[in-house]
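# Report on the structure
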Amino acid sequence: MTETATIMSAAPQAPADRRTLPAIEATGLTKAFRGVTAVDGVDLRVRQGEVVAFLGPNGAGKTTTIDMLLGLSQPDRGDVSLFGLTPRQAISRGLVSAVMQTGGLLSDITVRDTMKLTASLFAQTTGIDAALERAGILDIADRRVSKCSGGQQQRLRFAMALVSDPGLIVLDEPTTGMDVEGRHSFWQAIHADAQRGRTVLFATHYLEEADQYADRILLIRKGRIVANGTTAEIKAMASGRTIEAEWADADQAALLRLPGVDSVEVRGTRVIVRSGDSDAVARHLLGQTDAHDITITSQNLEQAFLRLTGDDSDAEISEGA
């Protein structure tokens, strides 16, 4: 994403006659670079008021898609509308803001002066102190930007995006480089603002952020949307459960012959079976072996992600900091 895209808004929410339209609607988005297809026929629809996570392995096409949604890049094929308008029209009417990973800040001025400079660009604003308070940094308003931590600077970018009260905020990897406490605090501010009815689309490589804060997840792989649903629905798409048991001298061959078994792993006296038919495995363990301490768990979001993308060797996805 280009650094100049940090703030792109100019007025309050969508006019009344547009409030029933999707915040984002894209059909058949396609983009290639030097003959390599980065985005391949993406269809995307986000309702107003939704909080949607956009996930995918590194290089899957997330940022390229976001660039096209924001009008920073033109698709080779396909169409995009934001609140029923072209990206350029929506941005010029102040309906969209974006918070990027880096850029957009002057280090030698204060947080408040940064906000004043931002507010001067717009015909209508929500008020500097109100935006700073909602971003959780009103108490450091007189601090120079250069003295702010990385998390505080990201909160400042969020406050800059809020100052014109846009209907849609797009976040591209907003917590990259933050520690665990900083990410949690940042997302508390985002979540509190989203509860006011604002639409949020965010790309992240931290799965727990999507699990905790998104109403819906879009999963992209090699330029195509491969899953679309709630966290529970995404987990269900990657069918199967993990069965673990204590079993000395486990018979791996017998387990692999059971219906639905995908893999068997033995770690000392602990056997781990991944299967689409956990009942069959449990019956076998309980009725025909001396296995004990048996547990059955569903796929977590990380396992679902890896199964659905098929890119577990190179996916830059993390459950932690």
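Heads up: the structure comes first, above all this text.
Every value quoted in this text rests on a predicted model; they were computed, and no experiment measured them.

Pairing is possible between side chains of opposite charge, provided their charged atoms come close. Per the stated rule, a full pass over the model turns up 17 salt bridges. A salt bridge links Arg224 to Asp40, with the shortest nitrogen-to-oxygen separation between them at 2.9 Å. With Arg224 in strand S9 (residues 224–229) and Asp40 in strand S2 (residues 36–46), this pair connects stretches of sequence that are 184 residues apart. Among the ionic pairs, Asp165 bridges to Arg198, the shortest N-O distance being 3.1 Å. On the criterion of sequence distance, the pair formed by Asp165 in the loop between helix H5 (150–162) and strand S6 (168–172) and Arg198 in the loop between helix H6 (180–194) and strand S7 (199–203) is long-range, its members being 33 residues apart. By relative accessible area, Asp165 is classed as buried at 16%. Take Arg198: its relative accessible area is 6%, and that puts it in the buried class. If you follow the salt bridges from partner to partner, you end up with Arg134, Asp165, Asp193, Arg196 and Arg198 in one network.

Glancing now at the sheet that holds strand S10 (residues 241–246). The strand order across the open sheet formed by four strands is S11-S12-S10-S13, and the pairing between neighbours is antiparallel. What marks the edges here is a single partner per strand, and that holds for strand S11 (261–267) and strand S13 (292–298). Taken over all neighbouring pairs, the strand axes of this sheet differ in orientation by 15 degrees on average, direction set aside. Most of the contacts of helix H10 (residues 278–288) go to S10, to which it runs at about 10 degrees, and overall it touches S10, S11, strand S12 (270–275) and S13.

What follows is about helix H11 (residues 301–309). Listed as buried for H11 are Leu301, Ala304, Phe305 and Thr309. Along the axis of H11, the buried positions cluster into a sector of 110 degrees, meaning they face one direction only.

This paragraph deals with empty space enclosed by the protein. Evaluation of the coordinates by the stated rule reveals one cavity of 30 Å³ or more. Within this model, the largest cavity holds a volume of roughly 30 Å³. In this structure, the largest cavity is lined by Phe158, Ile169, Ile190, Asp193, Ala194, Arg198 and Val200. When residues of the lining of the largest cavity are assigned to their parent elements, the largest contribution, three residues, is made by H6. Here the lining of the largest cavity is built from residues that sort into five nonpolar, no polar and two charged.

Tracing the sequence through the fold places Ile243 in strand S10. C-alpha separation for the pair Ile243 and Ser298, spaced 55 residues apart in sequence, amounts to 9.0 Å. Those residues within four positions of Ile243 in sequence are excluded, and the remaining contacts are Val271, Ile272, Val273, Ser275, Ser278, Val281, Leu285, Ile294, Thr295 and Ile296.

Strand order in the open sheet formed by six strands is S5-S6-S7-S3-S8-S9, and the pairing between neighbours is mixed. Whereas interior strands pair on both sides, the edge strands pair on one side only; in this sheet they are strand S5 (96–99) and S9. On average, each strand axis in the sheet is inclined to that of its neighbour by 15 degrees, with strand direction left out of account. Looking at chain direction, strand S3 (residues 51–55) and S7 are connected through four bridges and run parallel. In the sheet register, Phe54 faces S7, and the bridge partner there is Ala203. In the packing of H11 onto the sheet, the strands contacted are S3, strand S8 (216–221) and S9, and the crossing angle to S8 comes to about 35 degrees.

Analysis parameters
- Residues numbered from 1 in each chain as written.
- Predicted model: local features only at pLDDT ≥ 70, side-chain atom pairs only at ≥ 80, totals over all residues.
- Heavy atoms only, no water.
- Salt bridge = Lys/Arg side-chain N within 4 Å of Asp/Glu carboxyl O.
- Helix = DSSP H or I, 4+ residues; strand = E, 2+ residues; numbered from the N terminus.
- Buried < 20%, exposed > 50% of the residue type's maximum accessible area, 1.4 Å probe, protein only.
- Pairing = 2+ DSSP bridges.
- Axes fitted to C-alpha atoms, helices over the stretch in contact; angles between N-to-C directions.
- Contact = heavy atoms within 4.5 Å.
- Arc of directions from axis to C-beta.
- 1 Å grid on protein atoms, 1.4 Å probe; cavity = no way out; pocket = protein on both sides within 12 Å on 5 of 7 lines; lining within 4 Å.
- Points joined across faces, edges and corners; volume = space filled by probe spheres on them.
- Nonpolar A, V, L, I, M, F, W, Y, C, P; charged D, E, K, R; others polar.

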